[in-house]
Each structure stands twice: as C-alpha cells, then as structure tokens.
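# Reading the structure
Listed below, chain by chain, are the residues.
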Amino acid sequence: MPRRPIDITVPDLAGRRALVTGASDGMGLRIATRLAAAGAELVLPVRNPAKGERALATIRAEVPGARASLHSMDLSSLASIGALGEALRAEGEPLHLLINNAGVMTPPTRQTTADGFELQLGTNHLGHVALVAHLLPLLRAGRARVTSQLSVAAENGRINWDDLQWERRYDGMAAYRQSKIAFGLFALELERRSAAHGWGITSNVSHPGIAPTSLLAARPEVGRSGDTAGVRLIRVLSRLGIAGTVDSAGLPALMAATDPASRGGAFYGPGGLRNMGGAPSEQTLYAPLRSAEEAGRVWEVSERLARASFSSA
C-alpha cells in the first residue's frame, strides 16, 4: 500500500536570506530546495565544491530562477568557518534563517578535526558554535530564527565531562550522543541569552526522526567503506512507512525555521510511532536537554574551545 504523502506549508520567504549547512545532498538538499521554492535567497556553505555544484544544479532544475550562492566551508576547521564568516560579514547582508543541519555520525575509529577535537564533537557541535558566533552580527540584523538539527540519539546519554574528547576510551555512539546533546544545550542557551540581552534572535531545535539518509551509509571520508546494518534496517522501515523518508525527515526543521507559530526554545520532530516518522509537531524536550545549568556550562566551555566570543554582541 503506498504511503500517504506528508508535507507542510512553507510560508512566502521572498526577501529572506537563509543559510543551510549540510545542503549538498540528502535531507539538507531537500530543506534548501524547499526554502528556495518559497522564495528565499540561499547561502550554501559546502566542503566539497563538486558536490556543491551538483546540489546547486538540482535546486535550479527544481526551482527555476532560484537565488543561491555557494561558499567554501569545512565545519571541521575553525579557520575555514572564520573565513566564511569574514566573507559574509563583508557582504553585509542580514541573515534571516540559519538551519544548522550538517553532521557526521559514528566513525568506526576515533578521528579528529583540523583543530584536534574529536570529530563528532568538533563538527556537529563546536563547528556550528563557531559559525553562529561569526554570523552573529548578520543574524541580529535579520532578527533571525536559528534552528539546530539534533537527533533521536540525544534522548539518552550525557556530556562526558571527564573525557570530553574521548581520548581515553572511544565509543562512537556515545560520542555522537554527546555531540548532539551539547549542540542542543547550546541552541537552547542561545535562546535564553538572546532574550536576556536583546539580540533579537529566536533559537529552537529539531530532529528528523529516523530516515535513510547518508549518515549511516558508506562514508569513506570518515573511514566507513560500506553501509551499516543500521541504515539497511532503516531503509526497510522507511519502505514500510514506519520510519521517515529523506523528504519527510527535513520537515521538522522546516517547521521550526519557517512556521510563524514555531517558538524559540521549542523542540520539533516527527509525530509518528516513537517519533521515527510522521508529520512534524512540537515535542517534549529530551531529558538531557532540560538543565539550564548544564547548558550554561556547555556554553562557556564551547566558547573557549571554539574560540567563539559572544560577549560583544
């Protein structure tokens, strides 16, 4: 039996500028395409120029006349993030939407970023922290909504404060959970600090449920030569209509970022069975994301590690 299509209405975004990380393929590409179809001007930072050009061609084929530009950025390099921030600040155009979507998941062995951070913490969390800091003047100018993509993995787990970089004993899934919990705590603290200091930014969080994206597929760049058993199972669940699809998985982030009723500090995800798939809805924050004290600690440590200052905002 064919599955029922799931969709949301994205409002008119003409005159709005949107930056999406991880938009060169998969779910991020679908999110970017929907934003372009609604009239947004896209800023697409990509690590791989060839993949970026293919993504841009896909967007323009689906949305003739789409306004979009490619920029070079590697989330695993603070220098690369800083260079993008400098370039965009020089342009001086306000940003109205930022969707922090990019990420890596469970490299089979411990790897590090260009700055020596454990790869998942450095890319999924600290790279985005640095990006938000560098873009802060443009986000404030656009009174932006910042939506940060988490994972169902963040429902459980903790920050491994005794070994934040997993140098003593690497556990790929525990390190992934940590990176998403830290990122969620940072995003929620961004909402609190924006409200306290009058930054004008609205920050919320989303998760895609479970869908057959490339996160658990073959990723030679992170040392995974073949698809995992997990992604093979997810593909079956997706075909059965239990898990989501690449298209439906991006809808919670789209709702969080564009729906006029979406709130700062709120959490959006699929509303189906065990939140694996289904239509997006507002959901209860996962337990590891609820402590404002823990969020403050994550903020302070992340500022230091990512060499990101929000003090002059």
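Up top you'll find the structure we're talking about.
Residues numbered from 1 in each chain as written. Predicted model: local features only at pLDDT ≥ 70, side-chain atom pairs only at ≥ 80, totals over all residues. Heavy atoms only, no water.

## Thoughts on the overall build of the chain
What counts is decided by this rule: Secondary structure elements are defined from DSSP: runs of H or I of at least 4 residues count as helices, runs of E of at least 2 residues count as strands, and each element is numbered from the N terminus. Any residue under 20% of the maximum accessible area for its type is buried, any over 50% is exposed, and the rest in between are partly exposed; the area is computed with a 1.4 Å probe on protein chains only. The contact criterion used throughout is that any non-hydrogen atoms of two residues lie within 4.5 Å. Each accessible area is a Shrake-Rupley estimate made with a 1.4 Å probe; only the visible protein chains count as cover when residues are assessed.
Each helix and strand counted, the chain has nine helices and eight strands in total. Residues counted as buried form 55% of the 313 residues belonging to the chain. Intrachain contacts of the chain at a sequence separation of at least 6 include 74% that bridge at least 24 residues. By element, 51% of the accessible surface of the chain is carried by carbon and sulfur atoms, the whole surface being about 13200 Å².

## Section: the sheet that holds strand E5 (residues 145–149)
Convention followed: When DSSP locates at least two bridges between a pair of strands, those strands are taken to pair. Axis lines are fitted through C-alpha atoms, for helices just across the contact stretch, and the angle between N-to-C directions can take any value from 0 to 180 degrees.
Across the sheet, which stays open at both edges, the eight strands sit in the order E3-E2-E1-E4-E5-E6-E7-E8 with mixed pairing between neighbours. In this open sheet, the two strands that pair with only one neighbour each are strand E3 (68–72) and strand E8 (280–283). The mean angle between the axes of side-by-side strands here comes to 25 degrees, regardless of whether they run parallel or antiparallel. Relative to E8, strand E7 (residues 267–270) runs antiparallel, the two sharing four bridges. Within E8, the residue paired with Phe267 across the bridge is Gln283.

## Remarks on the pairing of strand E2 (residues 41–46)
Condition: Classification remark: right-handed applies to a crossover when, strands pointing away from the viewer, the course from the first strand over the helix to the second runs clockwise.
For E2, a buried count of six out of six residues is recorded, marking the element as mostly surrounded by other parts of the structure. Going residue by residue along E2, you find Glu41, Val43 and Pro45 tucked away on one face and Leu42, Leu44 and Val46 tucked away on the opposite face as well. Pairing geometry for strand E1 (residues 17–20) and E2, over three bridges, is parallel. Residue pairing across strands places Leu19 opposite Val43, the latter belonging to E2. The parallel pair E1 and E2, bridged by helix H1 (residues 26–37), forms a crossover whose chirality is right-handed.

## Looking at the pattern of salt bridges
The criterion, for reference: Only one rule defines a salt bridge in this text: a Lys or Arg side-chain nitrogen within 4 Å of an Asp or Glu carboxyl oxygen.
Tallied over the entire structure, the rule returns 12 salt bridges. For Glu41, the salt bridge identified is with Arg17, shortest N-O distance 3.3 Å. Separated by 24 residues along the polypeptide, Glu41 in strand E2 and Arg17 in strand E1 bring together distant segments of the chain. For the salt bridge of Lys51 with Asp25, the shortest nitrogen-to-oxygen distance reads 2.8 Å.

## Here's the deal with the pairing of strand E6 (residues 202–206)
Counting buried residues along E6, four of its five residues qualify, which places the element largely inside the surrounding structure. In this sheet, E6 lies alongside E5 in parallel orientation, the contact comprising five bridges. The partner of Val146 across the bridge, within E6, is Ser203. For the handedness criterion, the β-α-β arrangement of E5, helix H5 (residues 172–197) and E6 is classed as right-handed. In this structure, E6 lies alongside E7, joined through two bridges in parallel fashion.

## Digging into the environment of Glu300
Worth spelling out the cut-off: Throughout this description, a polar contact denotes any pair of N or O atoms lying within 3.5 Å of each other; where both atoms belong to protein, one of them has to be capable of donating a hydrogen while the other can accept it, and for residues adjacent in sequence the pair is counted only when both atoms sit in side chains.
Checked against the element boundaries, Glu300 lands in helix H9 (residues 292–305). The spatial distance from the C-alpha of Glu300 to the C-alpha of Phe186 is 9.5 Å, given a sequence separation of 114 residues. Within the structure, the side chain of Glu300 is placed 3.2 Å from the side chain of Arg193, a separation counted as a polar contact.

## Overview of the environment of Asp247
In this structure, Asp247 sits in helix H7 (residues 246–249). On a C-alpha basis, the gap between Asp247 and Ile6 in space is 8.7 Å, while along the polypeptide they are 241 residues apart. A distance of 2.9 Å separates a polar atom in the side chain of Asp247 from a polar atom in the side chain of Arg30.

## What to know about unusual backbone geometry
Unlike most non-glycine residues, Thr106 shows phi in positive territory, near 45 degrees. Overall, Thr106 belongs to the buried group, its relative accessible area being 16%. The phi angle at Trp166 is positive, at roughly 55 degrees, despite the residue not being glycine. As for its position among the elements, Trp166 is in the loop between E5 and H5. Under the relative-accessibility criterion, Trp166 is labelled buried at 6%.

## What about the nonpolar core?
For clarity, the cut-off: Among buried residues, those of type Ala, Val, Leu, Ile, Met, Phe, Trp, Tyr and Cys that are joined through side-chain atoms within 4.5 Å constitute a nonpolar core.
The biggest cluster of nonpolar side chains holds 51 residues, and the ones touching the most others in it are Leu19, Leu131, Leu135, Leu139, Phe186 and Phe310. With 11 residues, helix H4 (residues 119–141) is the single largest residue contributor to this core. Residues in contact with Leu135, not counting those within four places in the same chain, are Leu19, Gly85, Leu88 and Leu95.

## Observations concerning H9
Helical periodicity: at 3.6 residues per turn, an α-helix aligns residues three or four positions apart in one direction. Definition in use: A helix's residues, less one, multiplied by 1.5 Å, set its expected span.
Taking 1.5 Å as the rise per residue, H9 with 14 residues should run 20 Å; its terminal C-alpha atoms sit 20 Å apart, in good agreement. Every buried residue belonging to H9 is among Ala295, Gly296, Val298, Trp299, Val301, Ser302, Glu303 and Leu305, and all of these are buried. Here the buried face of H9 lies against helix H3 (78–91), H4 and H5. Where H9 terminates, the next one or two residues include Arg307, which has phi positive at roughly 50 degrees.

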